[in-house]
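Survey of secondary and tertiary structure
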Amino acid sequence: MRFSRFLGATALAVAFSALTDAQQRSGPRFRADDPLTADNDRAVDVGKLPERDDSDIHDFIEHSFLGPGSKYDIRALNVNTVDEVPDSSWFINRYRSGLPSGDVLARGPDTLPPLDVTGWPVAEGKGEGATPGFRLRGPDGALYQLKFDPVSNPEMATAAEVIGTAFYHAFGYNVVEMYLVEFDGAAYTMLPGATISVQGGKERSLTHEDIDGVLAVSARLPNGRYRAVARRMPKGNGIGSFRYYGTRPDDPNDIFPHEHRRELRGNRVFAAWLNHDDSRGINSKDIVISEGGRRYVRHYVYDFNSILGSGTTKPQKYRSGNEYRFEAGETLKTLLTFGLYVRPWARFDYPDVPPAVGRFEAAHFDPLEWKPEYPLPAFDRMRAEDAFWAARIIARFDEPAVRAIVGKGRYSDPRAAEFIVRTLMERRDKVLRAWLTGVMPLVDPVLDGSGLTFRNAAVDAGVSPAAVAYDVTWYAFDNATGVHRRVGDAERIGPGARAAMPAALANEAFVMAAVSADGADPDWRKPARVYFRKQGGGWTLVGLERHHAALP
């Protein structure tokens, strides 16, 4: 089954790549509804799908030693003609035109007011995962999973969980509702018949000793209660986790191999910024949603308590973000030197911070070298234009926005919140310098009677000099055949200037401008192509390419 799924995903990737090339050769390149803003990946009723879960050990072995997924270096398959990710069951462009207020950002996916779980009965034990916890039955009938902080680091894991959830919601991913609550361990009840799953998937009755065992290794508040996060899952039928490669064969709407989905490739950039080293498939959930009489799969990411400086039950390891769990070369060096070889990250000097922070830093952070727990096919297939897409989203987060989301962690020590904010801003600047400059960063192109204008995302973010000269070359474009016909010589314009379209193109149905920059990053000399369609007496943007396609 695994091998056949790999072959199927690989063949599909090649087929889509060939289809794209064929359309570019024989057209039409752009259709009437381009650029698409939504991917109708819920068109087919999926029916009742079986649950499929991967174990931690299997996931580690498969990704560390078997190298699953397609190895083809191709453009992301689920982007539209203007190089953006349409809304889908995987990703929603929530804040395409700018971030909302800090209150809205911090609220994230939560739909309920602050929760008071006093009197809510314990309904289930939590047998899986590294973090101790259990589930309560809320008055709305929903299950709320509680997870706690380690005794050594109060507030660390719970703050990381709610902060990570709010960030990923703002990025555009589907996440679950997450609330900070207090649990009274001296006065709780248990529902009759409450059970817990134990090793091997067997169930037994849940006991008060199980609950007391969880609380014994959890941090206690000065008022005697326990701080926890309460996770409220969306309504629907959970069918297991998704993977960072291939497709789910029983979901007819899942047609793009996951390693070639931009939002999964670009997650490498988001994960590096937040040090989300646990960004693995097993920390996701596929849920069958019923809407309008039709069932489809919505894809969620969750479990953010190993993020920032939190390693869930202890501070992040020194290795976190710096090395995979297993790297043959580094392991061999240690063996051959009888342990005398010291990994570079083991010599990092982490700041002295409040325990609620854990282990987090920015001085040694290198976005290009950052690594999750083990290789992920989608991360490995990330290209410059995928990273640029994600970095543009991160560029929206100024200090007030970051501060608002960090405030959701409700750190009792102001020094903890201040350190997290400052560190995230320093890491953000490194992310933008690394990934906003890997392609020609042309954004927001507009063509009108006065000519072509655009912005430079790297210049806007302050990571590249503003004094950039641009070369603009114009083409007539035949949408039916894909043929480009050059019109005139390249025009050089300064920053903020307009590039006049040649008069000979005024009556064309489609035009293309190739824009490159001189004297900036070397990658900017590879032109970005911008396509416009004549529409209603004006010009409408219909295409944008940053993936270094060869020019005619």
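Because the structure is a prediction, the values reported are computed rather than measured. (Residues numbered from 1 in each chain as written. Predicted model: local features only at pLDDT ≥ 70, side-chain atom pairs only at ≥ 80, totals over all residues. Heavy atoms only, no water.)

Topic: the overall build of the chain
In plain terms, the rule: The numbering of helices and of strands both runs from the N terminus, where a helix is a DSSP run of H or I of at least 4 residues and a strand a run of E of at least 2. With a 1.4 Å probe rolled over the protein chains alone, any residue whose accessible area is under 20% of its type maximum counts as buried; one over 50% counts as exposed, and the rest are partly exposed. Note on contacts: a residue pair is in contact if any heavy atoms of the two residues lie within 4.5 Å. Each accessible area is a Shrake-Rupley result for a 1.4 Å probe, and residues are judged covered by the shown protein chains and nothing else. Positive charge is attributed to Lys and Arg, negative charge to Asp and Glu, and no charge count is given to His or to the chain ends. All charge positions are set by atom: Lys at NZ, Arg at CZ, Asp at CG, Glu at CD.
Regarding its fold elements, the chain presents 13 helices and 17 strands. Each principal axis of the C-alpha distribution contributes one length, and for the chain these read about 80 × 55 × 55 Å. Counting only residues that meet the buried cut, the chain has 54% of its 552 residues in that class. A sequence separation of at least 24 residues applies to 73% of the contacts in the chain between residues at least 6 apart. Roughly 23,500 Å² of accessible area belongs to the chain as shown, and the carbon and sulfur atoms make up 54% of that amount. One way to put it: in the chain the 69 positive side-chain charges average out to a point 2 Å from where the 72 negative ones average out.

Notes on the pattern of salt bridges
As a reminder, the rule being used: The term salt bridge refers to a pairing of a side-chain nitrogen on Lys or Arg with a carboxyl oxygen on Asp or Glu at a separation within 4 Å.
Overall, the coordinates contain 45 salt bridges when judged by the stated rule. Across the pair Glu84 and Arg392 runs a salt bridge, and its minimum N-O distance is 3.6 Å. With Glu84 in the loop between helix H2 (56-66) and helix H3 (102-107) and Arg392 in helix H10 (residues 384-395), this pair connects stretches of sequence that are 308 residues apart. Taking the shortest distance from any N to any O, the salt bridge between Arg492 and Asp518 comes out at 3.2 Å. You can see Arg492 sitting in strand E14 (residues 484-493) and its partner Asp518 sitting in strand E15 (residues 510-518), a full 26 residues away along the chain. For Asp518, a relative accessible area of 33% gives the class partly exposed.

Some thoughts on helix H12 (residues 414-435)
What counts here: An expected span of 1.5 Å times one less than the residue number is assigned to each helix.
The end-to-end C-alpha separation of H12 is 32 Å, in line with the 32 Å expected for 22 residues at 1.5 Å each. Where H12 is concerned, the buried positions are Ala416, Phe419, Ile420, Val421, Thr423, Leu424, Met425, Arg427, Arg428, Val431, Leu432 and Trp435.

Structural notes on the sheet that holds strand E17 (residues 538-545)
Operational definition: Note on pairing: DSSP must find at least two bridges between two strands before they are called paired. Convention adopted: a line fitted to C-alpha atoms gives each axis, helices being fitted over their contacting stretch, and angles between N-to-C directions are expressed from 0 to 180 degrees.
In space, the 5 strands of this open sheet follow the order E14-E13-E15-E16-E17, with antiparallel pairing throughout. If you trace the sheet from one side to the other, it starts and ends with E14 and E17, each paired once. The average angle at which neighbouring strand axes cross in this sheet is 25°, direction not considered. As defined by bridge partners, strand E13 (residues 469-477) adjoins E15 across 8 bridges and the pair is classed as antiparallel. From the neighbouring strand, Thr473 faces E15, where its bridge partner is Ala514.

A few points about the side chain of Thr165
Within the fold, Thr165 resides in helix H4 (residues 156-171). Not counting residues within four places of it along the chain, the set of residues in contact with Thr165 comprises Pro109, Val175, Val176, Met178 and Phe304.

Description of the pairing of strand E11 (residues 442-448)
With 5 bridges connecting them, E11 and strand E12 (residues 451-456) associate as antiparallel partners. By the bridge assignment for E12, Leu447 is matched with Leu452. Counted along the chain from E11 to the antiparallel partner E12, the turn is 2 residues long.

Re unusual backbone geometry
With an omega of 0°, the peptide bond running from Asp34 to Pro35 counts as cis. Among the structural elements, Pro35 can be located in the loop between helix H1 (2-26) and H2. The backbone of Asp303 sits at a positive phi, close to 65°, despite the residue not being glycine. Here Asp303 lies in the loop between strand E10 (294-301) and helix H8 (328-336). For Asp303, a relative accessible area of 17% gives the class buried. If you check the backbone angles, Thr312 has positive phi at about 80° while not being a glycine. Among the secondary structure elements, Thr312 is positioned in the loop between E10 and H8. Among the residues examined, Thr312 registers a relative accessible area of 8% and is labelled buried.

A few points about the sheet that holds strand E9 (residues 284-291)
Two strands in a sheet stick together by hydrogen bonds in their backbones, pointing the same way (parallel) or opposite ways (antiparallel). Strand order in the open sheet formed by 3 strands is E8-E9-E10, with antiparallel pairing between adjacent strands. Two strands in the sheet have a free side with no partner beyond their single neighbour: strand E8 (237-238) and E10. Judged from the 2 bridges that link them, E8 and E9 form a sheet pairing that is antiparallel. Among the inter-strand pairings, Asn237 is bridged to a residue of E9, identified as Val288.

What to know about a nonpolar patch on the surface
We count it as follows: Patch membership needs two things, relative accessible area over 30% and no salt bridge, and members are linked within 9 Å if like-charged or within 5 Å if nonpolar (Val, Leu, Ile, Met, Phe, Trp, Tyr).
On the surface, Ile57, Ile61, Phe65, Leu66 and Phe326 cluster together to form a nonpolar patch covering roughly 510 Å² of accessible area. The residue Phe65 is located in helix H2 in this model. When its relative accessible area of 46% is taken as the criterion, Phe65 is described as partly exposed.

A few points about the environment of Pro355
With respect to the element layout, Pro355 can be found in the loop between H8 and helix H9 (377-380). Judged by its relative accessible area of 48%, Pro355 falls in the partly exposed class. Separated by 61 residues in sequence, Pro355 and Ala416 have C-alpha atoms that sit 8.2 Å apart. For Pro355, the residues in contact, after removing those within four places along its chain, are Ser152, Asn153 and Met156.

Overview of the packing of aromatic side chains
Under the convention used in this document: Any two rings among Phe, Tyr and Trp, with Trp reduced to its six-membered ring, count as a pair given centres within 6.5 Å; such a pair is stacked if its planes are under 30 degrees apart, edge-to-face if over 60, and tilted if neither. Two thresholds decide whether a charge sits over a ring: the Lys NZ or Arg CZ must be within 6 Å of the ring centre and within 35 degrees of the ring normal.
For the structure shown, the criterion picks out 33 aromatic pairs. Both rings, one in Phe270 and one in Trp389, keep their centres 6.1 Å apart while their planes meet at 70°; by these two values the pair is edge-to-face. With Phe270 in helix H7 (residues 267-274) and Trp389 in helix H10, the pair connects residues that are 119 residues apart, well separated along the chain. By the burial criterion, Phe270 is buried, and Trp389 matches it. Plain terms: the ring middles of Phe477 and Tyr531 are 5.0 Å apart, the flat faces sit at 70° to each other, and that makes the pair edge-to-face. Placement of the pair is Phe477 in strand E13 and Tyr531 in strand E16 (residues 528-535), with a sequence separation of 54 residues. For the pair formed by Phe477 and Tyr531, the shared burial category is buried. Ring pairs connect the aromatic residues Phe91, Phe167, Tyr168, Phe171, Tyr173, Phe270, Trp273, Phe304, Trp389 and Phe397, which therefore count as one cluster. We note Arg359 situated over the ring of Tyr318; from NZ or CZ to the ring centre the distance is 4.0 Å.

A look at the packing of H7 against H10
Note the following rule: Oblique is the label for every angle not falling under 35 degrees (roughly parallel), over 145 degrees (roughly antiparallel), or within 65 to 115 degrees (roughly perpendicular). Three classes are used: nonpolar for Ala, Val, Leu, Ile, Met, Phe, Trp, Tyr, Cys and Pro, charged for Asp, Glu, Lys and Arg, and polar for all others, with Gly counted as polar.
Axis separation between H7 and H10 bottoms out at 8 Å; the angle between their running directions is 45°. In terms of orientation, H7 lies oblique with respect to H10. Contact residues: Val269, Phe270 and Trp273 in H7; Ala387, Trp389, Ala390, Ala391, Ile393 and Ile394 in H10. Tallied by class, residues from the contact of H7 with H10 come to 9 nonpolar, no polar and no charged.

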